[in-house]
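Residue strings, one per chain:
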Amino acid sequence: MRQFLKRFSISLMLGANLCTVALLWLCVALTFVSPEHLPRFSQVTLAFPIFLAADLLFVLLWLLFHARLAWVPVAGMLAVGGYILDYCPLHPLAGTPADSTSLSIVTFNVGYMTTDGQREELIRFINATDADIVCLQELSKKFLDDHREWLDTTAYHTLQGGSIAILSRLPFLGDTIHIDYPTRSNHSVACWIDCRGDSLLIINNHLESNHLSPEEKEEYTSAIKEPHREAIRHSSHLLLGKLSEAAAYRGAQTDSICALVDRFAGHHIIVCGDLNETPVSYTYQQLARRLTSAYRQAGTGPGITYSGRSFPVRIDHLFYSKEWTAASCVIDRTVSSSDHYPLIVRLNKKEH
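Computed from a predicted structure; not experimentally measured. (Residues numbered from 1 in each chain as written. Predicted model: local features only at pLDDT ≥ 70, side-chain atom pairs only at ≥ 80, totals over all residues. Heavy atoms only, no water.)

## Quick notes on the overall build of the protein chain
Point 1. Each helix and strand in the protein chain was counted, giving 11 helices and 11 strands.
Point 2. Taking all 352 residues of the protein chain together, 50% fall into the buried category.
Point 3. Considering only contacts within the protein chain whose residues lie at least 6 apart along the sequence, 71% involve residues at least 24 apart.
Point 4. With an accessible surface of roughly 16,900 Å², the protein chain has 60% of that area assigned to carbon and sulfur atoms. (Helix = DSSP H or I, 4+ residues; strand = E, 2+ residues; numbered from the N terminus. Buried < 20%, exposed > 50% of the residue type's maximum accessible area, 1.4 Å probe, protein only. Contact = heavy atoms within 4.5 Å. Areas by Shrake-Rupley, 256 points an atom, 1.4 Å probe, with all protein chains shown as cover.)

Structure below.
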């Protein structure tokens, strides 16, 4: 009887472990399918870190109770190792030294800044980073005009489309490039910049927001902290509906951005902004198959850029073309004026 129970327990654990591996692989498979086609099903990718944590737990359990089967969760993770490193890269904290070709870039969703204190913090932050290019999202249309005197002291050229703005110490080579995609209120801005003799295409994005109100976020948080069946059912249904609807928009928007990248393949390109997607998603992976993620190459750890207490995720990203390499990529968590943290990247041009 004891042997039977042991074999039964091992079989049960093995079945559960194979399920976690299958779910881990399912998350990866869904990054190849636009959320336009499977909007609700695509939300499974958000659970990637949960399935990964479960697989890691199985490694420990097998080592403790049946070491010969520890290869199962390990093999499951190795098969999707690149995606795990997209989610949580493990690079040393010290970056590559800057050189004469270095280009420093900031991408930051500033959250519209409703108070003078928030606006002053943004100005202090931009002054302190002294970046060559600053890409901002959710910036008031009046901000640049209201702070023209400050801008005149910075040598920044400015370009704004809606709530998307680019500040550049390098001169613009023309007007914005129109990017037409379906959206309720979000948008992207693209332009060419003279980067020390090379033409550099900057695509600054704020892809479709989930449109969760503060009250809905609070309801979701309360349901987690004080779970009640009805509250969980209601908040989960509401959350899934809004996330799915926004994801379908982002699928189409991603295809438009990627089409622009493909159109100018071979040129210097930087794509950045608040993409509202985690590293294991259709949006991130479609861009990563064309360009290089700065955080993937030079970041360390999960790299949370959205500071909302209920949804700690990295949804702000920067990608660049093959002519560059990331010397450093850091998230500045000292900035408190927004519910996002700025991503600060230094790129070095590759030697040919």
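## Concerning the packing of helix H1 (residues 2–30) against helix H2 (residues 48–65)
Point 1. H2 packs onto H1 with a crossing angle of 150° between their chain directions and a minimal axis gap of 9 Å. When the interaxial angle is binned, H1 and H2 end up roughly antiparallel. The handedness of the crossing between H1 and H2 is left-handed. Residues Ile10, Met13, Leu14, Ala16, Asn17, Thr20, Val21, Leu23, Leu24, Cys27 and Val28 of H1 touch H2, and the partners they reach there are Phe48, Phe51, Leu52, Ala54, Asp55, Phe58, Leu61 and Trp62. (Axes fitted to C-alpha atoms, helices over the stretch in contact; angles between N-to-C directions. Parallel < 35°, antiparallel > 145°, perpendicular 65-115°, else oblique. Left-handed = near helix turned anticlockwise from the far one by under 90°.)

## Quick word on the pairing of strand S9 (residues 316–320)
Point 1. Along S9, 5 of the 5 residues are buried, which leaves the element largely enclosed by surrounding structure.
Point 2. Residues Asp316, Leu318 and Tyr320 point to one face of S9 and His317 and Phe319 to the other, with burial holding for every one of them.
Point 3. Alignment of strand S7 (residues 268–274) against S9, held across 5 bridges, turns out to be antiparallel. Its bridge partner lying in S9, Gly273 is registered against His317. (Pairing = 2+ DSSP bridges.)

## A word on the packing of aromatic side chains
Point 1. Counted according to the given criterion, the structure contains 4 aromatic pairs.
Point 2. Ring centres 5.7 Å apart and planes at 70° place the aromatic pair Phe108 and Phe125 in the edge-to-face group. On the criterion of sequence distance, the pair formed by Phe108 in strand S1 (residues 103–109) and Phe125 in helix H5 (residues 116–129) is long-range, its members being 17 residues apart.
Point 3. According to the relative accessible area criterion, Phe108 is buried, its value standing at 0%.
Point 4. By relative accessible area, which is 7% here, Phe125 ends up buried.
Point 5. Lying across the ring of Tyr156, Arg169 places its NZ or CZ 4.4 Å from the centre.
Point 6. Above the face of the Phe32 ring, Arg289 is positioned so that its terminal group lies 3.9 Å from the ring centre. (Phe/Tyr/Trp six-rings, centres within 6.5 Å; stacked < 30°, edge-to-face > 60°. Lys NZ or Arg CZ within 6 Å of the ring centre and 35° of its normal.)

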